[in-house]
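Given next are the chains, with one letter for each unit.
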Amino acid sequence: MPSYTAPTKDTQFVLHDVLNIKDAGIPGYDELEPDFTGAVLEEAGKIARDVLHPLNVVGDTEGCRLENGVVYTPTGFKAAFEQVKEGGWPGLDMPEQYGGQNMPYVIGTAVGEFFSGANQAFTMYQGLTHGAASAILAHGTDAQKDTYLPKMVSCEWTGTMNLTEPHCGTDLGLMRTKAEPQDDGSYLVTGQKIFISAGDHDMSENVIHLVLAKIPGGPDGIKGVSLFIVPKFIVNEDGTPGERNGVSVGKIEEKMGIHGNSTCVMNYDGAKGWLLGEMHKGMRAMFTMMNEARLGVGMQGLAQAEAAYQNAVEYAKDRLQGRDVTGAKNPDGPADPLIVHPDIRRNLMDQKSFAEGARAFILWGATMIDKAHRSGDKDADGLISLLTPVIKGFLTDKGYDMTVQAQQVYGGHGYIEEWGMSQYTRDARIAMIYEGANGVQALDLVGRKLAQDGGKHVMAFFDMVKGFCKENAEISDAYAKDFIEPLKAASKDLQAAGMYFMQNGMKNPNNALAGSTDFMHMFGHVCLGLMWAMMGKAAQKALDEGASDAAFYETKLATGRYYMARQLPATKLHLARIETGADTVMALDAAQF
């Protein structure tokens with residue numbers, strides 16, 4: 001059975017050595033002393049290792065079951081959920097007014113990685129509740145907040161998001177779910193939603209569904225969509241769950257992975273609901289939840305890659321296969337361990353350099369969310385809006401790839417269920433699809449986010465990279481050669497791709513859209529290049545100051561050099577593809593496929 005250890009030391013390095021969060025000037029960050037964050041992360045790591053991870057394989061093998069209209073979660077999930085609730089983990093970064101601890105989002109993100117790495121399917125129950133609560137917090141009335149948030153912050157009640165219908169996924173303007181207005185101000189919601197994660201289960205007293213539906217007589221398409229709060233049980237005046245609402249589970253979806261999460265078909269048959277936010281402005285309210293969820297899904301890509309990598313390293317050190325071509329490293333044994341072989345090293349370095357770079361990227365993005373929300377910084381809000389599809393799309397594409405590479409280290413044992421590696425690959429696969437498939441993320445990046453606010457935010461990103469390179473080029477000749485020069489070259493490739501879109505996308509939009517996935521990956525590589533340049537600077541500084549744990553920082557530098565030399569040059573391949581335009585992509589008629 002696989003093991004999992006939360007990467008607390010690396011997270012602390014990013015938070016304090018790289019991002020220097022205590023002195024970031026963001027409200028609440030001055031309290032984030034290393035001892036404090038270390039204590040939080042250590043405790044979260046224990047929960048992840050001792051409570052959640054042992055249930056990961058249980059959830060995978062048992063799955064959820066629907067009996068007589070009731071959804072039952074796998075053995076041990078309910079007791080573990082109680083432990084998580086008792087520790088206050090679901091409300092870590094929620095307002096104290098509603099029972100949360102009001103810690104910054106960046107701490108919630110770090111803890112979220114640990115929990116997801118230990119057990120992604122389990123962690124989704126509280127993660128989706130957090131997103132639904134955030135939408136109510138941002139768009140609900142005072143009465144709605146008082147009714148739902150205290151119970152949702154504590155996870156006594158859980159939450160969901162209901163978008164997809166059998167005939168309508170990304171194109172939500174096609175939805176058929178209706179919401180008929182009633183004299184008392186409520187609505188009767190009727191329709192069917194599919195793929196609803198944590199749609200129903202036995203771990204909470206109530207499930208608060210956020211449901212997109214159309215009010216008859218409203219505008220056509222997406223402009224006519226509204227968002228509704230539809231509880232499983234109608235809430236009594238005293239705040240307790242009352243009569244059962246007209247919502248039921250049609251079936252539990254049979255999936256490739258995340259078996260421990262109850263992904264449901266939800267049927268609404270005149271279910272009573274209440275408008276959340278403005279009429280016909282449902283997407284605005286839902287995107288509060290969607291954007292948070294997309295960052296969380298990007299984190300899932302990292303979390304599964306990290307967990308798979310940890311096990312691949314242990315296997316590579318233990319499994320004896322073949323001899324080192326430069327001379328036996330285990331002369332007293334029948335063979336050398338796998339880790340002596342260069343191609344295994346390449347494989348593991350791909351995984352290690354991705355996971356550590358992605359962790360820095362996710363946490364850096366979380367600080368932007370804190371800056372936007374806690375400081376009202378519109379530039380930070382614009383930058384994280386630009387980077388959200390990159391975080392979601394790039395990190396889940398590459399995170400899945402890394403789980404496959406970890407599986408490959410095991411050879412045939414990676415394909416056999418008893419070793420547990422296939423679960424990481426199967427669980428990671430969904431992250432590329434839900435909360436907006438990655439192709440949609442790429443289209444959003446190129447079609448909307450680049451031009452947002454007149455291109456202000458992408459230009460700010462380029463200026464940030466340029467400024468970093470200029471300010472740090474003199475640290476040392478070795479640092480400039482290993483980190484600054486590769487980052488400058490990759491950033492120029494990204495700018496060249498953006499220029500190509502400007503020059504060719506207006507006359508033929510397909511020239512831009514055909515290169516959108518390549519651009520998203522190119523952007524992701526540049527972001528990880530920037531993160532590695534920042535981490536390399538911090539590691540070198542620590543060594544220059546005589547850090548006691550020199551091996552950690554030397555390892556960090558070596559891992560960063562690998563990424564800059566072996567991964568970052570992928571920007572040139574992506575640029576070459578982009579500059580071929582759409583002709584080869586669109587050459588065939590539909591009948592020719």
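Our subject in this report is the structure included herewith.

Conventions and cut-offs
- Residues numbered from 1 in each chain as written.
- Predicted model: local features only at pLDDT ≥ 70, side-chain atom pairs only at ≥ 80, totals over all residues.
- Heavy atoms only, no water.
- Helix = DSSP H or I, 4+ residues; strand = E, 2+ residues; numbered from the N terminus.
- Buried < 20%, exposed > 50% of the residue type's maximum accessible area, 1.4 Å probe, protein only.
- Contact = heavy atoms within 4.5 Å.
- Areas by Shrake-Rupley, 256 points an atom, 1.4 Å probe, with all protein chains shown as cover.
- Lys, Arg positive; Asp, Glu negative; His and termini not counted.
- Charge placed at Lys NZ, Arg CZ, Asp CG, Glu CD.
- Salt bridge = Lys/Arg side-chain N within 4 Å of Asp/Glu carboxyl O.
- Axes fitted to C-alpha atoms, helices over the stretch in contact; angles between N-to-C directions.
- Parallel < 35°, antiparallel > 145°, perpendicular 65-115°, else oblique.
- Left-handed = near helix turned anticlockwise from the far one by under 90°.
- Phe/Tyr/Trp six-rings, centres within 6.5 Å; stacked < 30°, edge-to-face > 60°.
- Core = buried A, V, L, I, M, F, W, Y, C linked by side-chain atoms within 4.5 Å.
- Expected span 1.5 Å × (residues − 1).
- Bend = angle between axes of the 7 residues up to and from the residue.
- Nonpolar A, V, L, I, M, F, W, Y, C, P; charged D, E, K, R; others polar.

**Focus: the overall build of the chain**
Part 1 of the argument: When you go through the chain residue by residue, the secondary structure sums to 18 helices and 11 strands.
Part 2 of the argument: Each of the three principal axes of the chain carries a C-alpha extent, and together these read 80 × 60 × 60 Å.
Part 3 of the argument: Looking at the chain as a whole, 58% of its 593 residues are labelled buried.
Part 4 of the argument: In the chain, the proportion of contacts linking residues at least 24 apart, taken out of those at least 6 apart, comes to 74%.
Part 5 of the argument: As displayed, the chain has an accessible area near 24700 Å², and 52% of this comes from carbon and sulfur atoms.
Part 6 of the argument: The positive charge centre, built from 53 side chains, and the negative charge centre, built from 74, are 5 Å apart in the chain.

**Some words on the environment of Ile252**
Part 1 of the argument: Examined against the element boundaries, Ile252 turns out to sit in strand S10 (residues 247–252).
Part 2 of the argument: Overall, Ile252 belongs to the buried group, its relative accessible area being 17%.
Part 3 of the argument: Separated by 238 residues in sequence, Ile252 and Val14 place their C-alpha atoms 40 Å apart.
Part 4 of the argument: Contacts of Ile252, omitting those with residues within four sequence positions, involve Cys64, Arg65, Leu66, Val71, Thr263 and Cys264.

**Considering the pattern of salt bridges**
Part 1 of the argument: Under the definition given, this model contains 33 salt bridges.
Part 2 of the argument: Note that Arg426 is salt-bridged to Asp60, the shortest N-O span being 2.8 Å. With a gap of 366 residues between them, Arg426 in helix H11 (residues 421–429) and Asp60 in helix H3 (residues 56–62) connect regions that are remote in the sequence.
Part 3 of the argument: Its relative accessible area of 14% is what places Arg426 among the buried residues.
Part 4 of the argument: Two residues, Asp482 and Arg561, come together in a salt bridge whose shortest N-O distance is 3.1 Å. On the criterion of sequence distance, the pair formed by Asp482 in helix H14 (residues 477–504) and Arg561 in helix H17 (residues 550–567) is long-range, its members being 79 residues apart.
Part 5 of the argument: By relative accessible area, Asp482 is classed as buried at 19%.
Part 6 of the argument: Among the residues examined, Arg561 registers a relative accessible area of 35% and is labelled partly exposed.
Part 7 of the argument: Among the ionic contacts, a cluster of salt bridges with common partners joins Asp10, Glu113, Glu306, Lys352, Glu356, Arg359 and Lys556.

**Overview of the packing of helix H13 (residues 456–472) against helix H16 (residues 516–544)**
Part 1 of the argument: H16 packs onto H13 with a crossing angle of 30 degrees between their chain directions and a minimal axis gap of 12 Å. Judged by the inter-axis angle, H13 sits roughly parallel to H16. Crossing hand, H13 versus H16: left-handed. On H16, the residues touching Val458, Phe461, Met464, Val465, Phe468 and Asn472 of H13 are Phe523, Val526, Cys527, Leu530, Ala533, Met534 and Lys537.

**A closer look at the packing of aromatic side chains**
Part 1 of the argument: All told, the structure shown has 18 aromatic pairs when counted by the stated rule.
Part 2 of the argument: Ring geometry for Tyr479 and Phe483: centres 5.2 Å apart, planes at 25 degrees, overall stacked. Of the two residues, Tyr479 and Phe483 are both situated in helix H14; the distance of 4 residues between them amounts to about one turn of the helix. Comparing Tyr479 with Phe483 shows no difference in burial state: the two are buried.

**Quick look at the nonpolar core**
When a protein is soluble and globular, its nonpolar side chains tend to lie buried together.
Part 1 of the argument: Counting residues in each nonpolar core, the largest one holds 177 residues, and the members touching the most others are Phe361, Phe461, Phe519 and Phe523.
Part 2 of the argument: Contact partners of Phe519, with chain neighbours within four places excluded, come to Leu445, Val446, Leu450, Leu494, Ala497, Gly498, Phe501 and Ile578.

**Here's the deal with the environment of Ile194**
Part 1 of the argument: Take Ile194: it is sitting in strand S5 (residues 187–196).
Part 2 of the argument: Ile194 sits 71 residues away from Val265 along the chain, and the two C-alpha atoms are 4.4 Å apart.
Part 3 of the argument: Ignoring any residue separated from it by four or fewer positions in sequence, one finds Ile194 in contact with Thr164, Glu165, Pro166, Glu253, Cys264 and Val265.

**Brief notes about unusual backbone geometry**
Part 1 of the argument: With a phi close to 60 degrees, Phe195 is a non-glycine residue in the positive phi region.
Part 2 of the argument: Inspection of the secondary structure assignment puts Phe195 in strand S5.
Part 3 of the argument: Residue classification places Phe195 among the exposed positions, given a relative accessible area of 54%.
Part 4 of the argument: Even without glycine at this site, Glu435 takes up a positive phi of about 60 degrees.
Part 5 of the argument: Locating Glu435 in the fold gives a position in the loop between H11 and helix H12 (438–449).
Part 6 of the argument: A relative accessible area of 14% means that Glu435 is categorised as buried.

**Observations regarding H14**
Part 1 of the argument: For H14, built from 28 residues, the straight-helix expectation of 40 Å at 1.5 Å per residue is met to within 8% by its first-to-last C-alpha distance of 39 Å.
Part 2 of the argument: For H14, the principal kink sits at Ile484 and spans about 35 degrees; a proline, Pro486, occurs within the next four residues.

**Comments concerning the packing of helix H9 (residues 342–375) against H16**
Part 1 of the argument: In contact at an axis separation of 9 Å, H9 and H16 are set at 90 degrees when each is read in the N-to-C sense. With respect to H16, the element H9 is oriented roughly perpendicular. Taking contact as the criterion, the partners of Ser353, Phe354, Glu356, Gly357, Ala358, Ala360, Phe361 and Trp364 in H9 are, on H16, Cys527, Leu528, Leu530, Met531, Trp532 and Met535.
Part 2 of the argument: The residue inventory of the contact of H9 with H16, partitioned by class, reads 11 nonpolar, 2 polar and 1 charged.

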